[in-house]
Amino acid sequence: MTTLDILPEVTCPPTDLWSDEPPLESDLHLQQIIILLSCLELLWQEKNDYYASGNLTIYYNEEQLKKRNFCGPDFFVVLDTEKRPRKSWVVWGEQGKYPNVIVEILSDSTANIDRTKKKILYQNTFRTPNYFWFDPNTLELQGFRLIEGQYQAISANEQGYLWSEELGLYLGIFDRKLRYFTVDGQLVPTPQEAELQERQAKEQALLEKEQERQAKEQALLEKEQERQAKEQALLEKEQERQAKEQALLEKEQERQAKKRLAAKLRELGINPQTI
């Protein structure tokens, strides 16, 4: 009888974990997360190799899983991954991938942690290339780029925007909200703004088409008026010619009448010159 060595059972941490995040601090936080998500989804609607989410737990080791002592980022993006719904982001179930970009929305209760503890975590453990924080009340915006293992502040451009090479976009403030801007400084619209722009573009196209139609009609009207004016001028010229002919005719008739009268008088023995 052969005795088989029985290996001890290896237990892997679960990967199908629900997010365990506290409620958002305020409506401003909710609105800001929705803007960041919806704008990116609209801009990248043809892409299927990224994952973006907000207020979702990131599970990155067993100790953290046991203690449940870490709140997920307010917003994060992972590149080169499958775009699909998730209950949470479980690093060991995602081929060890951490976020490429993280954005924290500051509040009175979280600002200190976001600036210190989380910044260190994202730098040393997550190794997240781009980290940003934004205060929706004071409009403070800071960004950091991971260089040789250390976060270095991202310098703003002339418009005050911060470049994210991971997203290929600028992050900046517009109408008191954190927004994306393209490389040439164009605002990335929200779905509502894009719909409005599309509707306005269609209305403008219809307006220009109507103006073009009216211009053509006006040109035809002016051409017709010019034709009628020419016809009127020819008519008046013809009437003037006929009036002249009529005057000559009447003058000739008067001459003929005088001639006949003179002849009649002579028949009667009267000299016309004496009358």
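Remember, it's a predicted structure, so these values are computed and weren't measured experimentally.

Asker: I'd like a description of the pattern of salt bridges, backed by residues and values.
Answerer: Tallied over the full model, the rule gives 22 salt bridges. The partner of Glu 267 in a salt bridge is Lys 264, with the nearest N and O atoms 4.0 Å apart. Here the residue Glu 267 and the residue Lys 264 both occupy positions in helix α5 (residues 191-267), the gap between them amounting to three residues, near one helical turn. Each of the salt bridges in this network shares a partner with another, and the network as a whole consists of Glu 82, Arg 84, Arg 86 and Glu 94.

Asker: So, the packing of aromatic side chains: which residues are in play, and what are the values?
Answerer: For the structure on display, the rule yields 15 aromatic pairs. On the basis of an interplanar angle of 55 degrees and a centroid distance of 6.1 Å, the ring pair of Tyr 51 and Phe 76 is categorised as tilted. With a gap of 25 residues between them, Tyr 51 in strand β1 (residues 50-54) and Phe 76 in strand β3 (residues 75-79) connect regions that are remote in the sequence. One exposure class covers both Tyr 51 and Phe 76, and it is buried. For the ring pair Tyr 122 and Phe 126, a centre distance of 5.3 Å and an interplane angle of 40 degrees mean the geometry is tilted. Of this pair, Tyr 122 and Phe 126 both sit in helix α4 (residues 117-126), four residues apart, roughly one helical turn. Of the two residues, Tyr 122 and Phe 126, both sit in the buried class. Through pairs of rings, three or more aromatic residues link up here, namely Tyr 60, Tyr 98, Tyr 122, Phe 126, Tyr 131, Trp 133, Phe 144 and Tyr 151.

Asker: Tell me about the sheet that holds strand β11 (residues 177-181), and please be specific about residues and values.
Answerer: The antiparallel open sheet is built from three strands, whose spatial order is β9-β10-β11. Where the open sheet ends on each side, the last strands, each with one partner, are β9 (162-164) and β11. Direction aside, neighbouring strands of the sheet carry axes that sit 35 degrees apart on average. Note that β9 and strand β10 (residues 169-174) share three bridges and pair antiparallel. Following the sheet pairing, Trp 163 is matched in β10 by Tyr 170. In the packing of helix α1 (residues 27-43) onto the sheet, the strands contacted are β10 and β11, and the crossing angle to β11 comes to about 10 degrees.

Quick notes on the rules
Residues numbered from 1 in each chain as written. Predicted model: local features only at pLDDT ≥ 70, side-chain atom pairs only at ≥ 80, totals over all residues. Heavy atoms only, no water. Salt bridge = Lys/Arg side-chain N within 4 Å of Asp/Glu carboxyl O. Helix = DSSP H or I, 4+ residues; strand = E, 2+ residues; numbered from the N terminus. Phe/Tyr/Trp six-rings, centres within 6.5 Å; stacked < 30°, edge-to-face > 60°. Buried < 20%, exposed > 50% of the residue type's maximum accessible area, 1.4 Å probe, protein only. Pairing = 2+ DSSP bridges. Axes fitted to C-alpha atoms, helices over the stretch in contact; angles between N-to-C directions. Contact = heavy atoms within 4.5 Å.

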